[in-house]
Each structure stands twice: as C-alpha cells, then as structure tokens.
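Each chain, letter by letter, is given below.
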Amino acid sequence: MKRLLQPLAIAAASISSPLAGADEYDHRYKEGDRVDLWVNKVGPYANPQEAYEYYVLPYCAPDTRHHPDNKDGSWNALKAHSIGERLGGHALRHSGHDLIYPPPSGNSEKGILETCTTDPLTAEQVKLFATAAEDQWFYQMYVDDLPVWGMVGEMLPDLDAAKGEKFGSDLSHLEEAVAKHEEQGGEFKPYVYTKRTLQVSLNGDRIIKVDLSSEPASLVELKAGIQLKFELDIQWAKTNTPFHSRFDRYLDHAFFKHQIHWFSIFNSFMMVLFLMGLVALILLRTLRKDYARYAISHGRRDVEEGDAERDSDEDERDEDGKPLLKEGRPPVGAEDSGWKQVHGDVFRAPRFLPLLAAVLGTGWQLVTLVMGVVLFAVAGPVHGEVHEERGEVLSAILVFYSLSSVVAGYASGSYFKLYYATTPAGRSKAGATAGGPGGATQWQLTMALTVLLLPTILGTVLSFLNGIALIYGTIFYIPFLVLLKLFFLWVFVSVPLCILGTLLGRHAKLGGRQSSSFPCRVNAIPRPIPEDVPWYGVPANLVPFAGLLSFGSIFIELYYILTSLWNYKFYHVYGFLLGVYGILCLVVCMTTVIVVYFCLNSENYLWQWTAFYSGGSTALYVFLYSIYYFVFKTSMHGLVQTSFYFGYMLLISLAMGTLCGTLGHWAGNRFVRTIFQNVKVD
C-alpha cells in the first residue's frame, strides 16, 4: 500500500520531516550519504506487546554530531510514521549513531567505532538494567527498513575469573557456565552487554543485509555507581545478493512451508470433498424422495377432487423400488409433515430483524475486507511484499474497511427491506413504504446499528487496551493524533459510504414486487413449533458440531497465524491463506445447509438465526484454541501482555464468528429458497 503511494510519501517526507530523506524510500545511496540507524523498542522477549521506547533504559547518547549537547543533533528524534505503523506498535527514534555510506572501492574491513560513557548509575538505573537482564529484554533496531535484534543483558554467575578468551565469538562458553551454575543452585547476577558489532552488507548503491552481534566478553556486572562504556563497531561489507532477495533471510521457509502445512491443506480439502458427498447423499437424495412423495400426495388429491379413477401404485416407488408412501399412510387431504409443512412460515421475518440485518451487513463487510486484504497480499510480487513494510497490512485493512462500508450498508438495507414486508407493521401500506412512524424508526435503527455495531465493539476493546498501555508507558499506546485521524476516517469516509449503501439497499429491486420476493406466501398467524422432536432437530445440539467441523478445517493454519502474531514470525504464505479461506467458506456453507435442513424437517421455521449461529459457532472454538495456545505455546505473563493477547483474540474471534455466520446465513437462505421453489403449495 505504501509502495503504491511512494512518490507522494517522498514529497511529504521531504517537506515535513528533516529526518527522512529520499534514500530511505527508494533504498538507494551514494558515497557519503548518511544512513540512519533507528531504535524501535525494547521489552521482554516473551511479551511482544510489552514494549517500551529504547531509551527508557539508561543508555547513553553516542558522542557524534547527534549528541543532545549539539543544537542540530537528531538523537532520540521521532521518525515520521504512518497510521498503520503506529497501530502496529512502532515508534522509531534516531539512535544518534552516524553511518556514512562507503565508496564502492572502499576498504570494507575497516570499522568505525563509536563510543559513549554513562554517568555513574544510580540504584534506580541499576534496577532498570537488572530487570531487563532478568526478564530477557531485547531491543530492535532498523537500518534501511531492515530489522535487527539484540539482547540487553544476561543473568549470569560471577564471571570475573572467566572473562577474556574463553568467551570467544559466540555464547558457547557462556551457556556452559550458566548450565553448570544452575545445576549447583548458585546465585545469578545481572550483566549488561556493552559492545556491539553492526555489520552492513551492500551491493552497489543498495543495502542488502544487516547483522548485529553482542560481544559476550563485554558483559559487565551491574552495580550502583559504576560507569558503563558502550561501544558500537560499524563495519561495511560487500555481497552479491540481489536487492529483491534481501528480505528472504527473515522468512522462515522451513517453518511455514513444512510438509505438515501442505498436509493440512490436503486434509481440509478432503474434508470439503467428504462434506460435499454428504450433502449430495443425504440432502439431494432425501429431497428427491420428498419431492416425489409430495407430488404423489397432491396428485391423489387432484384425482379425488376430479372423480377420476387411476391406479398410482406403480408410481409410488423410488429408484430403489421402495414405496414412497408406506402402509398406514395418512388419508388424502391430511396435512404434510416435515419441512414442507412450514412453507407458510419459513420466510417470516426473524426476531430482532434490525439487529440481524446490521450483523449480516457487518459480516459481508468483513467478507469483502478479508478477501481484499488477502488478494492484496497475494499480489505482493506486483506492488511489493506486504511483510517487508512496517504497518502495510494494517494500512490495507483500514483502506478496505473504509471502502467496504458501502457493502455493509447495502447488505443490511436490502435484507431489512426483504423481510420487513412480512412483519405485521410491514403488511400495512404505511409500514410497507416506511412512511409510517414505525417503519421509519425501524429503518433508522437498522442503519444506526450497521454504522455503529463494529466500531463500538472495536472502540471499547481498544480503548481499554490503550488505557493499560498508557498507564504502563508502552509504545503500543495509540497517540491522540492517530485516534483523531481514525475518527475522521470513520466519520468522513466509512459512515457516509455505509449510509449510501443502506439507501441503495432500501431502494433495490428484490425480485420485483414485494409479494413475489419469496417463493411462498407468509401466513398471517405464526404456526406453533413442535417441542417433541428428536435430538438432531434441536438447533442447540447441531450448532456446536457445525462449528467444530469449520474449525477443524482451519486450525492448522490458525496455529501459523498465531505464531506470526505472537512469536516474531513474518507471515508470508498468503497463497496458503487464500486457499484455507476458500475451504473455510465451503465448509461453513455445507455444514449450515445440513443444520438448516434438520431443523426444517423438525418443523422449526426459525432458521435465520440458527444458520447464523451455525457458522458463527466457529468463533467459540477459535477463542478456546487461543486459550490453549496462550497456556501451552507461549511464555507470556503480566497484565499488559495478557490483556493485549486476550483483547486482540476476542476481536479476532468475534470478527471470524460474524464472517462465518454471515456465510452460513447466505448458504441457508439459498438452500431454503431453492427447496421451496420446487414444491407445489396450495
């Protein structure tokens, strides 16, 4: 998304931000250009959302031209961010280090050492560093939009005697010393890394690779009153790796393209085939017998009324030779049984029609949003891979959400118009035209619910999380200016489009005249619903099974998505995601059709909410799985991280439930219309 607007971004950055040059956008440098080293965040490795600004720790400012004592210094200056970056918890600040792009024929072996020395550490500053070492805090930096990570410190035994050559260039000796000390039950002390090496690999005028390493031999024990001398060794190297492949090293292909991932897709596809066969075997075969039985029943009635004499016994058998009407069948003129019995009520308006219309409108908006974002990500090779740009996915979500608001309005408005005519108020002339006070009020309520339902839920949860982030001082706090921009985006783009869509849906032609919108006429008096039905005719017994099948088709992919969200993985297999999304849609539709059929066969015509719950029950299993993932697959702890995890998972589960419920309702609606279009009703 940002690459599509790159010229505008470069122009805006050159005007508004002196810290962002054009080279940061086109990623091309020439000899002598300054390359900015940005520090992003620091925090516990186990808690991705418990992240703080880098200089919340008492690191010193490097002795460069950016030092705070210099008037023109840029140390700790905040970089310009997009809305997507701020929502993603990015707060890049200038590190104060000078990186000068070397000449093409320069000596890449010679490094530049930049140092700084802290004032004597106070007890409070020692406590900050000690907490970082004990909780395994790490920091993140960026060079030319390439991230690097490093640990703040370690909890180690007394290593004064082991300092020096034994450490070498890796942590092998360090790990051995820690393991041995743990076995002995010794006391651990906080140490902090004081020397880091930053190696930048370039190819021509482009930066290809950035590596950051901390020297184990530079670990210093933290004590009150000690002065820490921090060193950054900046080295340049050459590489032949092309620019378009520079981000490949961050992608865990072995994890995301493991054979288990492929097997899960195959397993889900086989589930789709099984359900398709089940639907064809049970529903189509059964419905064919039902149609034949009803046709025979109506044929007999027509014969008796016309005083005709014919023997229809030969026609009362199915393709297997079994009689369609068994011995002891009811006499001609008796009432039908099964799903056809409810033909006069099956298209009756559901309870809480404005609410269901608004929920379905929101669901279609989410269907459009997810499909748009996934297709945008799949088209990454055309416009730029979305995982290479901070906040690009979130920016795309905002754009597609705003534009798809017209879909929400149209879906809710047309659905309300379709069923409002079957309500008592809608049967009157004033109500049918929404000219009466009741009709106008219902229309306004539907439109208001569509506009406010999803934003209210999002705003409530995010406000709660934003308050916690503000209290604890994490960078996941959304600034007021960003909130104001989001509000304006909603008020001036999303709301007008939603209202426009509602008006379009209200005046849409749905099958011509209102009386012919449904295959069957709706009776004025509702039919009582039988209570003595088999267990498989009770919606509450069927809905959980439908959700379980839908969840079973996606839970492997859900594991990969959660790992990307909470365990520092770059999700990049959007082709897999598109395939799983398609499989989920098919599974939800087919399971909902089965549930609706069993309910109608039990003469329960309240299928609209049942169909929605059938698909929406997937959300319950998603949230339960998120609890399992939190307990067994992560080491998250603390109020901040726990609140963010379950707050985000609650929103994800609700969104998935609304999306799947909408697809289920659509499938149930198509199924009901199809079967009642092919029956003869007196």
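Residues numbered from 1 in each chain as written. Predicted model: local features only at pLDDT ≥ 70, side-chain atom pairs only at ≥ 80, totals over all residues. Heavy atoms only, no water.

Colleague: I'd love a proper account of the overall build of the protein chain, names of residues and values included.
Modeller: When helices and strands are tallied, the protein chain shows 21 helices and eleven strands. Looking at the 682 residues of the protein chain, the share that counts as buried comes to 50%. Taking the intrachain contacts of the protein chain between residues at least 6 apart in sequence as the baseline, contacts between residues at least 24 apart amount to 80%. Here the protein chain displays about 33,000 Å² of accessible surface, and carbon together with sulfur accounts for 61% of that area. (Helix = DSSP H or I, 4+ residues; strand = E, 2+ residues; numbered from the N terminus. Buried < 20%, exposed > 50% of the residue type's maximum accessible area, 1.4 Å probe, protein only. Contact = heavy atoms within 4.5 Å. Areas by Shrake-Rupley, 256 points an atom, 1.4 Å probe, with all protein chains shown as cover.)

Colleague: Any chance you could break down the sheet that holds strand 8 (residues 195-203) for me, citing the residues and the numbers?
Modeller: Ordered by their spatial adjacency, four strands build an open sheet running 3-11-8-9, and the pairing between neighbours is mixed. The outermost strands of the open sheet, each flanked by one partner alone, are strand 3 (112-117) and strand 9 (206-214). For this sheet, the mean inter-axis angle between neighbouring strands, taken without regard to orientation, is 15 degrees. By the bridge criterion, eight bridges tie strand 8 to strand 9 in an arrangement that is antiparallel. Counted as the bridge partner of N203 is R206 from strand 9. (Pairing = 2+ DSSP bridges. Axes fitted to C-alpha atoms, helices over the stretch in contact; angles between N-to-C directions.)

Colleague: I'd love a proper account of the packing of helix 8 (residues 353-378) against helix 19 (residues 607-616), names of residues and values included.
Modeller: For the pair helix 8 and helix 19, interaxial distance at closest approach is 12 Å and the crossing angle is 35 degrees. By crossing handedness, the relation of helix 8 to helix 19 is classed as left-handed. Here L355, L356, V359 and L360 of helix 8 come into contact with helix 19, specifically with Q608, W609 and F612. Among the residues forming the contact of helix 8 with helix 19, the class breakdown is six nonpolar, one polar and no charged. (Left-handed = near helix turned anticlockwise from the far one by under 90°. Nonpolar A, V, L, I, M, F, W, Y, C, P; charged D, E, K, R; others polar.)

Colleague: Can you lay out the sheet that holds strand 5 (residues 146-151) for me, pointing to particular residues and giving the numbers?
Modeller: Read across the sheet, four strands follow the order 2-1-4-5 without closing on themselves; strand pairing throughout is antiparallel. The two strands at the open ends of the sheet, each matched to only one other strand, are strand 2 (93-100) and strand 5. For this sheet, the mean inter-axis angle between neighbouring strands, taken without regard to orientation, is 30 degrees.

Colleague: How would you explain the packing of helix 8 against helix 18 (residues 574-601) if you had to name every residue and give the values?
Modeller: At a minimum axis separation of 9 Å, helix 8 and helix 18 run at an interaxial angle of 150 degrees. Classified by the angle their axes make, helix 8 and helix 18 are roughly antiparallel. Every pair of crossing elements has a handedness; the one defined by helix 8 and helix 18 is left-handed. On the side of helix 8, the interface is formed by V367, V370, M371, V374, L375, A377 and V378, while helix 18 contributes Y574, G575, L577, L578 and Y581. Classifying every residue of the contact of helix 8 with helix 18 by side-chain character gives eleven nonpolar, one polar and no charged. (Parallel < 35°, antiparallel > 145°, perpendicular 65-115°, else oblique.)

Colleague: Just give me the short version of the nonpolar core, but keep the residues and values in it.
Modeller: Membership of the largest hydrophobic core comes to 41 residues, with the highest contact counts inside it found for Y59, L99, F129, V152, L198 and I207. Mapped by element, the contributors of at least two residues to this core are strand 1 (34-44), helix 4 (123-134), strand 4 (137-143), strand 5, strand 8, strand 9 and strand 11 (229-238). When sequence neighbours within four positions are dropped, the list of residues in contact with F129 reads L57, P58, Y59, L121, V152, V192, L222, L228 and F230. (Core = buried A, V, L, I, M, F, W, Y, C linked by side-chain atoms within 4.5 Å.)

Colleague: With reference to specific residues and values, describe helix 8.
Modeller: Taking 1.5 Å per residue, 26 residues should reach 38 Å; helix 8 reaches 37 Å between its end C-alpha atoms and fits that length. With respect to burial, helix 8 is a largely interior element, 19 of its 26 residues being buried. (Expected span 1.5 Å × (residues − 1).)

Colleague: If you had to explain the side chain of H94 to someone new, which residues and values would you point to?
Modeller: Mapping H94 onto the fold places it in strand 2. Among the polar contacts listed, one links the side chain of H94 to the side chain of D36, at a separation of 3.0 Å. Ignoring any residue separated from it by four or fewer positions in sequence, one finds H94 in contact with D36, L37, W38, V39, Y55, H66, S74, W75, N76 and A77. (Polar contact = N/O pair within 3.5 Å; in protein donor to acceptor, adjacent residues only side chain to side chain.)

Colleague: Could you give me a rundown of empty space enclosed by the protein, with the residues and numbers involved?
Modeller: Applying the stated criterion across every chain, the model contains four cavities of 30 Å³ or more. Empty space within the largest cavity amounts to approximately 120 Å³. Residue assignment for the lining of the largest cavity shows that the elements contributing at least two residues are strand 2, strand 3 and strand 11. (1 Å grid on protein atoms, 1.4 Å probe; cavity = no way out; pocket = protein on both sides within 12 Å on 5 of 7 lines; lining within 4 Å. Points joined across faces, edges and corners; volume = space filled by probe spheres on them.)

Colleague: Summarise the state of the cysteines; cite the residues concerned and give the values.
Modeller: Overall, the coordinates contain one disulfide when judged by the stated rule. Paired by a disulfide, C60 and C116 hold their sulfur atoms 2.0 Å apart. Taking the sign of the S-S torsion, about 70 degrees here, the bridge from C60 to C116 comes out right-handed. Residue C60 is found in the loop between strand 1 and helix 3 (83-87), and its partner C116 is found in strand 3; the two are separated by 56 residues along the sequence. Neither C60 nor C116 differs from the other in exposure class; each is buried. Sulfur of C660: no disulfide; nearest cysteine sulfur belongs to C585 and is 7.4 Å away. According to the relative accessible area criterion, C660 is buried, its value standing at 0%. (Disulfide = S-S within 2.5 Å.)

Colleague: Break down the pattern of salt bridges for me, citing the residues and quoting the values.
Modeller: Here the structure, examined in full by the defined rule, presents 14 salt bridges. K30 is the partner of D33 in a salt bridge, and the nearest nitrogen-oxygen pair spans 3.5 Å. Accessibility expressed as a relative area gives 15% for D33, which makes it buried. Look at K30 and you get exposed, because its relative accessible area is 56%. Two residues, D252 and K569, come together in a salt bridge whose shortest N-O distance is 2.6 Å. Here D252, found in the loop between strand 11 and helix 6 (253-256), pairs with K569, found in the loop between helix 17 (555-566) and helix 18; they are 317 residues apart in sequence, far enough to count as distant. The network of salt bridges with shared partners includes R34, R65 and D98. (Salt bridge = Lys/Arg side-chain N within 4 Å of Asp/Glu carboxyl O.)

Colleague: Before we move on, could you go through unusual backbone geometry and cite the residues and values that matter?
Modeller: Despite not being glycine, D145 shows a phi value in the positive range, around 65 degrees. Taking the relative accessible area as the measure of exposure, D145 reaches 16% and is therefore buried.

Colleague: An account of helix 19 is needed here, citing residue identities and associated values.
Modeller: Counting buried positions along helix 19 gives nine out of ten residues, so the element sits mostly inside the fold. Inspection of helix 19 places W607, Q608, W609, T610, A611, F612, S614, G615 and G616 among the buried residues, and these make up the whole buried set.

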